[in-house]
Amino acid sequence: MKKKVAIGLLGSTLDKGFGNKRWERWRPSVSVCQQPDLLINRFELLYQSRSEKIMQVLVDDIQQISPQTQIIPQAMQFENPWDFEEVYEKLYQFAITYPFKPEEEDYLFHITTGTHVAQICFFLLTESHHFPGRLLQTSPAKDICGTYTIIDLDLSCYDRIAARFRQELKNDISFLKSGIDTANPQFNLLIEQIEKVALKTTEPILLTGPTGAGKSLLANRIYQLKKQKQLLEGNFIEVNCATLKGDQAMSSLFGHKKGAFTGAVSERPGLLRSAHQGILFLDEIGELKLDEQAMLLRAIEEKRFMPLGSDSDVSSDFQLICGTNRDLGKKVQRGEFREDLFARINLWHFDLPGLKERPQDIEPNIRYELKKYEEKTGIHLSFNQEAWQDFLNFALSPQAFWKANFRDLNAAVTRMGTLANGGRITKTDVAEEKKRLLLSWQEKSDQHGLKLLQQILPEDEIVQLDLFDQLTLEQILQVCVHYSSLSKAGRKLFSISRSRKKSINDADRLKKYLEKYGITWDDILLLKGVAGTHIF
Ligand SMILES: Nc1ncnc2c1ncn2[C@@H]1O[C@H](COP(=O)(O)OP(=O)(O)O)[C@@H](O)[C@H]1O
Ligand SMILES: [Mg+2]
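The sections below set out a description of the structure shown in this document.

Parameters at a glance
- Residues numbered from 1 in each chain as written.
- Chains lettered and ligands numbered in written order.
- Predicted model: local features only at pLDDT ≥ 70, side-chain atom pairs only at ≥ 80, totals over all residues.
- Heavy atoms only, no water.
- Donors = N, O, S within 2.8 Å, 3.2 Å for Na, K, Ca; no water.
- Helix = DSSP H or I, 4+ residues; strand = E, 2+ residues; numbered from the N terminus.
- Buried < 20%, exposed > 50% of the residue type's maximum accessible area, 1.4 Å probe, protein only.
- Near = heavy atom within 4 Å.
- Polar contact = N/O pair within 3.5 Å; in protein donor to acceptor, adjacent residues only side chain to side chain.
- Areas by Shrake-Rupley, 256 points an atom, 1.4 Å probe, with all protein chains shown as cover.
- Core = buried A, V, L, I, M, F, W, Y, C linked by side-chain atoms within 4.5 Å.
- Contact = heavy atoms within 4.5 Å.

1. Focus on the coordination of the magnesium ion (ligand 2)
Tetrahedral coordination by four donors puts the ideal angle at the metal at 109.5 degrees, and octahedral coordination by six puts it at 90 or 180 degrees.
Right, so step 1: Summarising the metal site, the magnesium ion (ligand 2) is bound by the protein donors S216 (OG) and D283 (OD), whose distances to it range over 2.2 to 2.6 Å. Within this pair, whereas S216 is found in helix 7 (residues 215-228), its partner D283 is found in strand 9 (residues 279-283), the two being separated by 67 residues in sequence.
Right, so step 2: Among the residues examined, S216 registers a relative accessible area of 25% and is labelled partly exposed.
Right, so step 3: A residue is classified by how much of its surface remains accessible, and D283, at 12% relative accessible area, is buried.

So this is what it looks like as structure tokens:
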């Protein structure tokens, strides 16, 4: 039989008792040693020095009713027994220094005495096994000895509670993944982190990643998850900043007063106010103009802003989620995006990988698209076996760029589903679809022969440039790849004007020109390997 050791705090109220009357009152620490079927061999009683007197009486009384119990008073000083941090810290110190011998002794941690804070700390330390034993709860009953319960947190009923939490976490993660059983470790880790952040914070979240990677969908799912958990009451307001043009941009976002400008016939609350207590999703945030950026920064920092034509602030409290497929850091360098706003929205930054970086997830996503197609059209869609292998092989091959990511996958399945007879996709359907996909990827890349530019800037940045700039840049890059340094390339490119200049600064001129497009000489060095050119 292992020795039974009780460890508990002296209760300055419940354990108090002087004079003969004390024997008529239930005192929890006494009752621990009064249970007929529970022999306590040792009782470690933690007490505060101001309770010294209560302690003396208690030790004598316990000695009297249970002579076999050895009582060890342990002084423990709490400045403030209601201060969670302090109590936890001191009990934790006790836990890690006490010479527990669980093979020889059976520990019972008495939780009936002490402040609620102390009781919670006892619970936490026992649950984390810093207190290697079970909880002991005593309670008053008709009989002066009262009763007791031993609570083993490792027992299955408590395990079930823990399992319920684990299941809930799994459900949340699966919800964020739209129920798609993805296997890419990087993506899964990302979603786990997003789940935690989504439930714990109302700070801004930045979602980046290539077009079609699922930013908009994820923003919406975060909202749904928070809504399910009753973490917010308002709406999900989604705005694509690229569509906010000119004067309308300010008024769409921040609202206006009646008569603020010609055409402002009635008051408009603006999207920020519509998102009050909810989520504002600003997609393509990189497209927001500098004036709106300044207003937005104030709106998220102070939760206040001024509608157009108004002379007083209004307030709105929302969580901001931003999406972009552009490199905001580069936009900051170019002076197109406010650094302070970037810092503010960049607190939680999640970069969603493209489909090509998630080869393990292509198969479950095709299945998901099939299911979605069926839900939408009511037609059960499937591949015959050969067709399935063909499509999968193609989808995973280096040929398949999946430039628009899930959008491409979704389009491919929709097209095959529409063309397939009787909801059965055949080898021929797949062959046709392969051609269509390859053509669509090629069309974008081959336009105007922008070979080098395409390797250096993402497609969606290129299309933001005038054709004039696209062509000029491509030609300049064609020259740069032949030179081993900025100055050598600069000397070639500026050979006429340099002779007229007092000081020579070709390298700097070229560097500045490239910087305008967020291109560095390092980017060009990488191109050289690809271009396989003759270097001067
Ligand atoms: N993880 C995903 N799995 C499958 N389909 C997805 C996933 N994420 C997004 N989609 C689908 O792909 C399309 C593009 O997603 P979207 O969120 O609009 O991308 P983004 O905002 O990054 O451009 C939508 O039809 C969406 O339903
Ligand atoms: Mg989007």
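2. Re the site of ligand 1
Right, so step 1: The immediate surroundings of ligand 1 are formed by 15 residues, with G212, K215, S216, L217 and N365 found nearest.
Right, so step 2: One of the backbone nitrogen or oxygen atoms of K215 is found 2.8 Å away from an oxygen atom of ligand 1.
Right, so step 3: Here a nitrogen atom of ligand 1 and a side-chain polar atom of N365 are 2.8 Å apart.
Right, so step 4: Protein chains bury 85% of the 560 Å² of accessible surface belonging to ligand 1 in isolation.
Right, so step 5: Mapped onto the shell around ligand 1, the elements with two or more residues apiece are helix 7, helix 13 (362-377) and helix 15 (406-419).
Right, so step 6: Among the elements that line the shell around ligand 1, the one with the most residues is helix 13, at four residues.

3. Digging into the nonpolar core
Right, so step 1: Within the largest apolar cluster, 30 residues are counted, with the highest numbers of intra-cluster contacts made by L272, L280, L282, I285, L296, L320 and I345.
Right, so step 2: Among the secondary structure elements, those contributing two or more residues to this core are strand 8 (236-240), helix 8 (246-254), strand 9, helix 10 (290-302), strand 12 (319-324), helix 11 (328-333) and helix 12 (339-345).
Right, so step 3: The contact partners of L320, leaving out residues within four places of it in the chain, are E203, P204, I205, L280, L282, L296, I300 and I345.
Right, so step 4: In this structure, L355, A412, I425 and W441 belong to the second largest nonpolar core, which totals 25 residues.

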